2 protein chains.
Amino acid sequence: MSQARTAQEERDPTLATAVHRRLREDILAGRLPPGRKLKLRDLVEQYGAGPSPMREALSKLAAEGLAERLEHRGFRVAEAAPGQLAGLIRSRVLAECAALRAAIADGGPEWEEALLLAAHRLNRVARSLDPQRFVSNPEWEDRHRDFHQALLAGCGAPPLLAFCDRLRDEAERYRALANAMAYPGRDVAAEHAAIACAALDRDAAAATGLLAEHYERTGAFIGTSLGRLAGAVAP
Amino acid sequence: MSQARTAQEERDPTLATAVHRRLREDILAGRLPPGRKLKLRDLVEQYGAGPSPMREALSKLAAEGLAERLEHRGFRVAEAAPGQLAGLIRSRVLAECAALRAAIADGGPEWEEALLLAAHRLNRVARSLDPQRFVSNPEWEDRHRDFHQALLAGCGAPPLLAFCDRLRDEAERYRALANAMAYPGRDVAAEHAAIACAALDRDAAAATGLLAEHYERTGAFIGTSLGRLAGAVAP
DNA sequence: CGTGGAAGGAATTTCGACAAAACCTCCGGT
DNA sequence: ACCGGAGGTTTTGTCGAAATTCCTTCCACG
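Residues numbered from 1 in each chain as written. Chains lettered and ligands numbered in written order. Predicted model: local features only at pLDDT ≥ 70, side-chain atom pairs only at ≥ 80, totals over all residues. Heavy atoms only, no water.

- In the nomenclature of an unreviewed UniProt entry, chain A is known as FCD domain-containing protein of Roseomonas acroporae.

Following this line, the structure appears as structure tokens:
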């Protein structure tokens with residue numbers, strides 16, 4: 001038993017990173033509702049780590065925008081108002097469309113091939129684990145993320161890509177909060193195929209237009225769901 | 001003397017934020033060269049704060065991209081290679097042009113008026129404190145920052161604006177590292193006026209084109225300066 | 001009856017010491 | 001001479017308690 005470490009522990013070299021990951025997942029999944037006070041004492045008890053790693057994890061989350069710090073008043077989970085969602089979606093559309101346009105203009109053959117591959121892999125995986133009702137398929141989520149990353153990867157602007165990832169995480173949180181995973185009346189697969197097709201055709205106008213629609217449609221849907229739920233998740 | 005706090009201390013409610021600000025300024029000004037090891041013991045001694053606030057400041061800097069953390073190996077100042085500068089400039093051009101385009105399309109009268117005002121105020125301040133040789137004028141720097149912020153403020157995407165601010169800070173660091181503040185053979189004031197004019201004319205193509213040139217020219221200049229200095233700032 | 005202020009309680013922030021990990025050096029073996 | 005490993009040193013990461021700050025409540029006063 002010389003290697004008693006699990007794979008999870010192997011990826012989290014320090015307690016602070018481990019607790020950061022767990023907190024992050026809990027916020028992204030909506031288990032910690034927006035605005036919830038994050039009391040250090042309770043967290044220490046619940047996550048089984050000292051105040052130092054916990055504080056560091058919270059600080060990191062605050063920098064990522066998933067939590068907010070109130071000086072001398074501790075931390076709380078970031079708010080999730082419909083108005084903020086609008087700004088988020090708008091930022092996402094603007095940033096990703098800019099990156100996509102750049103990728104279309106300057107992306108090399110390796111970008112093309114990676115995108116083709118990612119689109120193919122996404123198509124090979126079922127969206128839902130259950131054909132009858134919607135059950136989130138982790139592998140589809142991964143392929144979906146990979147597809148959108150591959151779409152922008154050719155833009156040659158790593159900081160912008162990192163920013164897009166962060167926005168994706170935040171959008172993910174809203175999606176979980178609205179916990180309405182089954183987008184009604186949409187053929188998501190067809191939308192992805194159309195985006196990839198336009199990008200590979202080097203049609204920037206069409207590609208960015210489709211991408212913007214892709215996000216705005218989801219955003220509008222989540223926004224209304226969230227509006228109905230507003231206040232229902234109070235602590 | 002019931003209010004013994006200075007204005008500086010008033011804005012830094014906790015030791016961690018104060019130390020964060022100081023470290024940030026030292027990195028941005030280039031006083032801490034890229035790649036420099038940030039040993040906790042030394043920092044505690046130099047900045048006069050305990051390990052906890054210092055660690056928290058470093059964690060925040062790492063999240064901002066100004067420092068990088070090596071698990072179990074502490075922190076170091078973020079690297080500054082010419083290749084990374086290229087990605088940074090590219091990200092900046094893409095993000096700001098997207099925001100500018102959105103502001104031009106949707107910016108209301110408040111945006112127009114604020115931009116007009118910012119452009120005017122920038123013109124009223126001298127670029128250099130000394131007419132003969134270049135001496136950085138703090139007020140011009142402030143007005144310059146305000147101008148660029150006002151330019152994008154109408155885009156309605158707060159996260160994108162925050163991202164642009166972060167990129168500006170990083171670019172500032174490169175500028176300080178190349179410590180070549182006097183851009184030779186350029187009429188910066190005219191460039192700003194042209195950008196503002198195009199934006200107010202709602203000419204998105206012209207405005208974004210000018211903005212991109214504005215940054216790329218500076219970036220290219222700093223890149224060559226940095227290339228010459230590469231390795232000269234080793235610890 | 002409403003308002004201002006002070007004391008009490010709770011939470012955050014900070015400190016200093018402990019434990020664990022990584023780096024460097026040195027030694028022995030091949 | 002070179003590679004591999006063990007020991008010591010430095011540095012990081014973690015813990016629990018003390019100090020400071022903020023919020024709440026209660027009482028006195030206008």
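Moving on from the model shown.
### Digging into the relation of the copies chain A and chain B
The second copy of the chain is related to the first by a rotation about an axis and a shift along the axis.
Consideration 1: The transform that puts chain A on chain B rotates by 180° and translates by 0.1 Å along the axis, for an RMSD of 0.1 Å. One copy is carried onto the other by what is essentially a two-fold rotation axis.
Consideration 2: Same-surface contact between copies: 100% of interface residues of chain A are shared with the interface of chain B. (Least-squares fit on C-alpha atoms with pLDDT ≥ 70 in both. Contact = heavy atoms within 4.5 Å.)

### Brief notes about the packing of aromatic side chains
Describing an aromatic ring pair means giving the distance of the ring centres and the angle of the ring planes.
Consideration 1: Per the counting criterion, the structure on display carries one aromatic pair over all chains.
Consideration 2: Geometrically, the ring pair formed by Phe-163 of chain A and Phe-163 of chain B is stacked, given 4.0 Å between the ring centres and 5° between the ring planes. Here Phe-163 of chain A is found in helix α8 (residues 158–177), whereas its partner Phe-163 of chain B is found in helix α8 (residues 158–177) on a different chain. Like Phe-163 of chain A, the residue Phe-163 of chain B is buried in the burial classification.
Consideration 3: Looking at Arg-127 of chain A, its charged tip hangs above the ring of Trp-140 of chain A, at a distance of 4.4 Å from the centre.
Consideration 4: One residue, Arg-173 of chain A, lies across the ring of Tyr-174 of chain A, its end atom 5.6 Å from the ring centre. (Phe/Tyr/Trp six-rings, centres within 6.5 Å; stacked < 30°, edge-to-face > 60°. Helix = DSSP H or I, 4+ residues; strand = E, 2+ residues; numbered from the N terminus. Buried < 20%, exposed > 50% of the residue type's maximum accessible area, 1.4 Å probe, protein only. Lys NZ or Arg CZ within 6 Å of the ring centre and 35° of its normal.)

### Some words on the confidence of the model for chain A
Consideration 1: For chain A, the mean per-residue pLDDT works out to 86, and 88% of the residues sit at or above 70.
Consideration 2: Here residues 1–5 of chain A scores under 50 on pLDDT; set against residues more than four positions off or in separate chains, the count is two contacts. (pLDDT = per-residue confidence, 0-100.)

### A few points about the packing of helix α6 (residues 109–123) of chain A against helix α7 (residues 138–152) of chain A
All names here are of chain A.
Consideration 1: Here α6 crosses α7 at 160°, and the two axes come no closer than 9 Å. As far as their axial angle goes, α7 and α6 are roughly antiparallel. Read as a crossing pair, α6 and α7 show a hand that is left-handed. Of α7, the residues touching α6 (which contributes Trp-111, Ala-114, Leu-115, Ala-118, Ala-119, Arg-121 and Leu-122) are Trp-140, Arg-143, His-144, Asp-146, Phe-147, Ala-150, Leu-151 and Leu-152. (Axes fitted to C-alpha atoms, helices over the stretch in contact; angles between N-to-C directions. Parallel < 35°, antiparallel > 145°, perpendicular 65-115°, else oblique. Left-handed = near helix turned anticlockwise from the far one by under 90°.)

### Side note on the protein's contact with DNA strand C
Consideration 1: Around DNA strand C lies a shell of 18 residues, among which Arg-55 of chain A together with Leu-15, Gly-50, Ser-52 and Arg-73 of chain B are the nearest.
Consideration 2: When the atoms of DNA strand C within 4 Å of the protein are sorted by group, sugar and phosphate make up 86%.
Consideration 3: Side-chain polar atom of Arg-73 of chain B to a phosphate oxygen of DNA strand C: 3.3 Å apart, as the coordinates give it.
Consideration 4: Put simply, the parts of the chain that give the surface near DNA strand C at least two residues each are β1 (37–38) of chain A together with α2 (15–28) and α4 (51–64) of chain B.
Consideration 5: Classifying every residue of the surface near DNA strand C by side-chain character gives six nonpolar, six polar and six charged. (Near = heavy atom within 4 Å. Polar contact = N/O pair within 3.5 Å; in protein donor to acceptor, adjacent residues only side chain to side chain. Nonpolar A, V, L, I, M, F, W, Y, C, P; charged D, E, K, R; others polar.)

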